[in-house]
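Structural features, examined
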Amino acid sequence: MGRPFIFGTNFKMNQTPAESVTFYRELAARVTTRPHTQCYVIPPYTSLPAVSEIARDDDSQIWIGAQNMHWAPEGAYTGEISARILKALDVDLVLLGHAERRGLFYETDPDLNRKLLTAFDAGFRVLLAVGETADERHYRVSAETVSRQLKIDLHGIPAAHASHLIVAYEPVWSIGAGGTPASPGDVEPVAMLIRDVLAGLFGPAGRDVPVLYGGSVNPENAAAFTVLPDIDGLLVGRAGWTVEGFLATYEAALAGRDLAASRG
Ligand code: PGA
């Protein structure tokens, strides 16, 4: 059995709890579950209690994720959320290292290393986002940047935790309204590099870590990424924020996946 296919969206600072519930209910009712395929949604913290509660009782098995997490078990960290708090909300997945956390909130790789150690200890799956800025791309240090991020973020993580890791390659210049989508030709070599770095860190278990792409994905371009042999799914932003958009992008992503499978 190869690596699973993983697809979902991060809502960033959007959605009230009631909006998240409406979205989740409709998505859960309409999404087609497939073997070896996993969907996830990452709403704001404030939506997690309500969404987790309805997720407990439905069969869609969509993972619920948190957008961030602090590394300390508890303490004087105003505005932060701990692993213990997220555990109490039945969160399946924690997104760490999103470009907006790194860029706008000055999250460093050593910070992320502490967060990853804490998250794995708490038993979470971690969706770790990495990617170079436009400047780093300009100076042709994308490979160095991504491999430095992975090596620091994952420093000291035992190979046993690799089964709980998912990596998303999200070039910063491709994200958001001002972003330019990466081309599949940009993405495939970095995905291969990510796999090599993970194998260097974790041995054979590193090759089983799913690698996703994210950054201006939409129904029109999704298949061009998921057809790539080293891409195992997507981390979608804006295109996934309506149920229609989520499903259209998901179906396109699956079509790319199926085409890759038919090519062997
Ligand atoms: P976008 O966001 O799809 O809206 O570019 C992607 C992301 O931030 O992960």
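Cut-offs used in this document
- Residues numbered from 1 in each chain as written.
- Predicted model: local features only at pLDDT ≥ 70, side-chain atom pairs only at ≥ 80, totals over all residues.
- Heavy atoms only, no water.
- Helix = DSSP H or I, 4+ residues; strand = E, 2+ residues; numbered from the N terminus.
- Buried < 20%, exposed > 50% of the residue type's maximum accessible area, 1.4 Å probe, protein only.
- Polar contact = N/O pair within 3.5 Å; in protein donor to acceptor, adjacent residues only side chain to side chain.
- Near = heavy atom within 4 Å.
- Areas by Shrake-Rupley, 256 points an atom, 1.4 Å probe, with all protein chains shown as cover.
- Nonpolar A, V, L, I, M, F, W, Y, C, P; charged D, E, K, R; others polar.
- Axes fitted to C-alpha atoms, helices over the stretch in contact; angles between N-to-C directions.
- Parallel < 35°, antiparallel > 145°, perpendicular 65-115°, else oblique.
- Contact = heavy atoms within 4.5 Å.
- Expected span 1.5 Å × (residues − 1).
- Pairing = 2+ DSSP bridges.
- Right-handed = clockwise from strand over helix to strand, strands pointing away.
- Salt bridge = Lys/Arg side-chain N within 4 Å of Asp/Glu carboxyl O.

**Brief notes about the side chain of R102**
Following the sequence through the fold, R102 ends up in helix 4 (residues 99-104). Classification of R102 by relative accessible area gives buried; the value is 15%. A polar atom in the side chain of R102 sits 2.9 Å from the backbone oxygen of G97. Separated by 2.9 Å, the side chains of R102 and D153 make a polar contact.

**Section: the site of the ligand**
Taken together, K12, H98, E170, I175, G176, G215, S216, V217, L235, G237 and R238 make up all the residues around the ligand. Separating an oxygen atom of the ligand from a side-chain N or O atom of H98 is a distance of 2.7 Å. At 2.6 Å from an oxygen atom of the ligand is found a side-chain nitrogen or oxygen belonging to R238. About the coverage of the ligand: the protein hides 99% of its 280 Å² of free accessible area. For the shell around the ligand, the per-class residue count stands at 3 nonpolar, 5 polar and 3 charged.

**What about the packing of helix 5 (residues 109-121) against helix 7 (residues 142-153)?**
The interhelical angle for the contact between helix 5 and helix 7, taken along N-to-C directions, is 45 degrees, at an axis separation of 8 Å. On the basis of their axis angle, the class for helix 5 and helix 7 is oblique. Contact with helix 5, carried on its side by D109, P110, L112, N113 and L116, involves R148, Q149, I152 and D153 of helix 7 and no other residues of that element. Taken together, the residues of the contact of helix 5 with helix 7 break down into 4 nonpolar, 2 polar and 3 charged.

**Here we look at helix 8 (residues 184-202)**
Here helix 8 is 19 residues long and its end C-alpha atoms lie 26 Å apart, about the 27 Å a rise of 1.5 Å per residue gives. Residues of helix 8 that are buried include every one of V187, E188, V190, A191, I194, R195, V197, L198, A199 and F202, and no others. Positioned one or two residues after helix 8, G203 has a phi angle of 75 degrees, which is positive.

**Topic: the pairing of strand 1 (residues 5-10)**
Counted residue by residue, strand 1 has 6 buried out of 6 residues, so it is predominantly covered. Residues of strand 1 alternate between two faces, with F5, F7 and T9 on one and I6, G8 and N10 on the opposite face, all of them buried. Sheet topology places strand 1 next to strand 2 (residues 37-42); 6 bridges connect them, and they run parallel. By the bridge assignment for strand 2, G8 is matched with Y40. Once the chain exits strand 1 it traverses helix 1 (residues 17-30) before rejoining the sheet at strand 2, and the crossover so formed is right-handed.

**Notes on the sheet that holds strand 7 (residues 211-214)**
Strands sit in the order 1-2-3-4-5-6-7-8 around a closed barrel of 8 strands; the barrel is parallel. Strand-to-strand twist in this sheet, taken as the mean axis angle between neighbours without regard to direction, amounts to 25 degrees. Judged from the 2 bridges that link them, strand 2 and strand 3 (residues 63-66) form a sheet pairing that is parallel. Within the sheet, the bridge partner assigned to V41 lies in strand 3 and is I64. Of the strands in this sheet, strand 5 (125-130) and strand 6 (165-169) are in contact with helix 7, which crosses strand 5 at around 150 degrees.

**Let's talk about unusual backbone geometry**
The backbone of Q15 sits at a positive phi, close to 90 degrees, despite the residue not being glycine. Of note in the backbone geometry, Y106 takes a positive phi value of approximately 55 degrees without being a glycine. In this structure, Y106 sits in the loop between helix 4 and helix 5.

**Section: the pattern of salt bridges**
Summed over the entire model, instances satisfying the criterion amount to 17 salt bridges. Across the salt bridge formed by R30 and E244, the nearest N and O atoms sit 2.8 Å from each other. Taken together, the residues span a long stretch of sequence, with R30 in helix 1 and E244 in helix 10 (residues 243-263) at a distance of 214 residues. The salt bridge partner of D109 is R148, with a shortest N-O separation of 3.6 Å. Taken together, the positions of D109 in helix 5 and R148 in helix 7 put the pair 39 residues apart, joining distant regions of the chain. With a relative accessible area of 8%, D109 lands in the buried category. Through salt bridges that share partners, R3, R195, D230, D232 and R257 make up one connected network.

Read these as geometric descriptors, not functional statements.
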